[in-house]
Amino acid sequence: MKTILLIEDNEDIRENTAEILDLAGYKVFTAENGKIGVELALEHKPDLVICDIMMPVLDGYGVLHMLQRNDEMKDTPFIFLTAKTERSDFRKGMEMGADDYITKPFSGTDLLHAIESRLKKASVRKQDFPANLQGLNKLMEAAGGKGTLKSLAEGRNIDRYKKKQAIYVEGNHPTSLFYIQKGKVKIFKKNDDGKELVVDLYNTGDFLGYVALLEGGTYRETAEAMEESEIAVIPREDFEELLNNHREVAVQFIRMLARNVTVKEQQLLGLAYNSLRKKVAEALVNLYNKYNERKETQFAIDISRDNLATIAGTATESLIRTLGDFREEKLIDIKEGTIVILNEKKLSSMLY
């Protein structure tokens, strides 16, 4: 049962509103002024707060300010109740972070619709979506979007890229979002000596280039096809329209990107401090997790030694020697240049 805190100094309005909420199946706490309201909020951690603006002791703005300073309450949906004479002041509340406002007098239907809408959006913020296409599609559906991100790619122009052909280049300005219809893509940076550092890998069903679109800057890395690939090109305007029309999608999208940044930071730390064996094992395990969609026990990876070396952050010669060691230890096999992972669990155990 969802809980609602109602803060209203007018006794008649408070009792009538509480009765409506109770009949609608909500558990209701009530307070006659802002000070008591804040105390109840911190004690019970309600799912939503409805608060009058003009009240004695502590007004609605003060309540909102104090709750937003509390880590456990700052993301709780907050709806202002405002009289018609105060309607010009509602903008102040919205700028402070209120989610909605209802003008007195209001109907029970208007009240319940506002509550349902805010609770639904709040539930989207609290969910944890994986940072991939499936997670983004689930996010769209949870936020009430009619389509999915994958639908953005339908009917688009398809560009075909040969192996080692660049899709976009570091320093260029983004004009499109890219969706991999078929193939594999690596994202890398180059140092002043021209040495590559692979920072991410992408597969069929993944999007590319969204970070630069969100930042409004240039590409910070280069995207290159690792094999013959087919890429759908989605105009920047369509991607921005999606985010602008679905605020919850945009917020959760940014959170996903933040998690990706954390993963990349851990990857860079590993490249800096891990042993050679650990670097190569981690690169193989990452490829296994990324591309082994069928979860095959013995999974074959067709990747050039140069590409694998840049992913592992080591010299090609050192990589080849380490692969030879792994082969002797029956961790991998090599057939016609293709690496077959025989014991993913033992490779993973090297990482800890």
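Rules used in this analysis
Residues numbered from 1 in each chain as written. Predicted model: local features only at pLDDT ≥ 70, side-chain atom pairs only at ≥ 80, totals over all residues. Heavy atoms only, no water. Helix = DSSP H or I, 4+ residues; strand = E, 2+ residues; numbered from the N terminus. Buried < 20%, exposed > 50% of the residue type's maximum accessible area, 1.4 Å probe, protein only. Contact = heavy atoms within 4.5 Å. Areas by Shrake-Rupley, 256 points an atom, 1.4 Å probe, with all protein chains shown as cover. Pairing = 2+ DSSP bridges. Salt bridge = Lys/Arg side-chain N within 4 Å of Asp/Glu carboxyl O. Core = buried A, V, L, I, M, F, W, Y, C linked by side-chain atoms within 4.5 Å. Polar contact = N/O pair within 3.5 Å; in protein donor to acceptor, adjacent residues only side chain to side chain. Phe/Tyr/Trp six-rings, centres within 6.5 Å; stacked < 30°, edge-to-face > 60°. Axes fitted to C-alpha atoms, helices over the stretch in contact; angles between N-to-C directions. Parallel < 35°, antiparallel > 145°, perpendicular 65-115°, else oblique. Nonpolar A, V, L, I, M, F, W, Y, C, P; charged D, E, K, R; others polar.

Describing the overall build of the protein chain
Phase 1: Assigned secondary structure in the protein chain consists of 14 helices and 16 strands.
Phase 2: Residues counted as buried form 46% of the 352 residues belonging to the protein chain.
Phase 3: Nonlocal contacts in the protein chain, meaning residues at least 24 apart in sequence, comprise 67% of its contacts between residues at least 6 apart.
Phase 4: Summed over its atoms, the accessible surface of the protein chain is roughly 18,900 Å², and 46% of this surface lies on carbon and sulfur atoms.

Side note on the sheet that holds strand β13 (residues 229-235)
Across a sheet, paired strands are connected by hydrogen bonds in the backbone, their directions being either parallel or antiparallel.
Phase 1: Across the sheet, which stays open at both edges, the four strands sit in the order β6-β13-β8-β11 with antiparallel pairing between neighbours. The open sheet has two edge strands, β6 (157-161) and β11 (207-208), and neither has a second partner.
Phase 2: Two elements, strand β8 (residues 176-182) and β11, share two bridges in a ladder whose sense is antiparallel. Considered in β11, the bridge of Tyr 179 is made with Phe 207.

Quick look at the pattern of salt bridges
Phase 1: All chains considered together, the criterion is met by 12 salt bridges.
Phase 2: The salt bridge partner of Asp 52 is Lys 104, with a shortest N-O separation of 3.1 Å. You can see Asp 52 sitting in strand β3 (residues 48-52) and its partner Lys 104 sitting in strand β5 (residues 100-104), a full 52 residues away along the chain.
Phase 3: Here Lys 184 ties to Glu 227 by a salt bridge, and the two come within 3.7 Å at their closest N and O atoms. Of this pair, Lys 184 sits in the loop between β8 and β9 (185-190) while Glu 227 sits in the loop between β12 (222-225) and β13, and the two are 43 residues apart along the sequence.
Phase 4: Look at Glu 227 and you get partly exposed, because its relative accessible area is 31%.
Phase 5: A cluster of three or more residues bridged by salt bridges with shared partners is formed by Glu 8, Asp 52 and Lys 104.

A few points about the pairing of strand β4 (residues 78-83)
Along any regular strand, the residues point their side chains to alternate faces of the sheet.
Phase 1: In terms of burial, β4 is largely enclosed, as five of its six residues are buried.
Phase 2: The pairing of β3 with β4 spans four bridges and is classified as parallel. Across the sheet, residue Cys 51 finds its bridge partner in β4, namely Phe 80.
Phase 3: Note that β4 and β5 share five bridges and pair parallel. Opposite Ile 79, over in β5, you have Asp 100 as the bridge partner.

A closer look at the environment of Leu 48
Phase 1: Among the structural elements, Leu 48 can be located in strand β3.
Phase 2: Overall, the relative accessible area of 0% leaves Leu 48 in the buried class.
Phase 3: When the C-alpha positions of Leu 48 and Leu 119 are compared, they lie 7.2 Å apart, and in sequence the two are 71 residues distant.

Re the pairing of β13
Phase 1: Summarising burial for β13: five of the seven residues are buried, a large majority.
Phase 2: Pairing between β6 and β13: five bridges, direction antiparallel. Within β13, the residue paired with Asp 159 across the bridge is Ile 231.
Phase 3: Here six bridges tie β8 to β13, and the two strands are oriented antiparallel to one another. Looking at β13, one finds that Ser 176 is bridged to Pro 235.

Describing the nonpolar core
Phase 1: By size, the foremost hydrophobic cluster in this structure holds 29 residues, and its most contacted members are Leu 284, Leu 287, Leu 308, Leu 323, Phe 326, Ile 332 and Leu 347.
Phase 2: By residue number, the principal contributor to this core is helix α11 (residues 276-291), which donates eight residues.
Phase 3: Each residue touching Leu 287, except ones within four places of it in the same chain, is listed here: Leu 201, Asn 292, Phe 299, Ile 301, Ile 303, Leu 308 and Ile 311.
Phase 4: Ranked by size, the runner-up nonpolar core spans 25 residues in total, among them Leu 177, Val 185, Tyr 210 and Ile 234.

Some details on helix α3 (residues 60-68)
Phase 1: When we look at burial in α3, the residues that qualify are Gly 60, Tyr 61, Gly 62, Val 63, Leu 64 and Leu 67.
Phase 2: The distance from a side-chain oxygen at the start of α3 to the backbone nitrogen of Tyr 61 is 3.3 Å, and the residue carrying that oxygen is Asp 59.

Examining the packing of aromatic side chains
Phase 1: With the rule as written, the count across this model stands at six aromatic pairs.
Phase 2: Ring centres 5.0 Å apart and planes at 80° place the aromatic pair Phe 78 and Phe 80 in the edge-to-face group. Here Phe 78 and Phe 80 have matching classes, each one buried.
Phase 3: On the numbers, 3.9 Å between centres and 15° between planes, the contact of Tyr 168 with Tyr 219 is stacked. Residue Tyr 168 is located in strand β7 (residues 166-168), and its partner Tyr 219 is located in the loop between α8 (210-215) and β12; the two are separated by 51 residues in the primary sequence.
Phase 4: On the basis of relative accessibility, which here comes to 4%, the residue Tyr 219 falls in the buried class.
Phase 5: Aromatic rings pair up to connect Tyr 61, Phe 78 and Phe 80 into one cluster.

Comments concerning the packing of helix α12 (residues 305-312) against helix α13 (residues 316-328)
Phase 1: Two elements in contact, α12 and α13, have axes whose closest approach is 9 Å; the angle formed by their N-to-C orientations is 95°. Compared by their axis directions, α12 and α13 come out roughly perpendicular. Along its contact with α12, which presents Arg 305, Asp 306, Leu 308 and Ala 309, the element α13 presents Thr 316, Leu 319, Ile 320 and Leu 323.
Phase 2: By residue class, the composition of the contact of α12 with α13 is five nonpolar, one polar and two charged.

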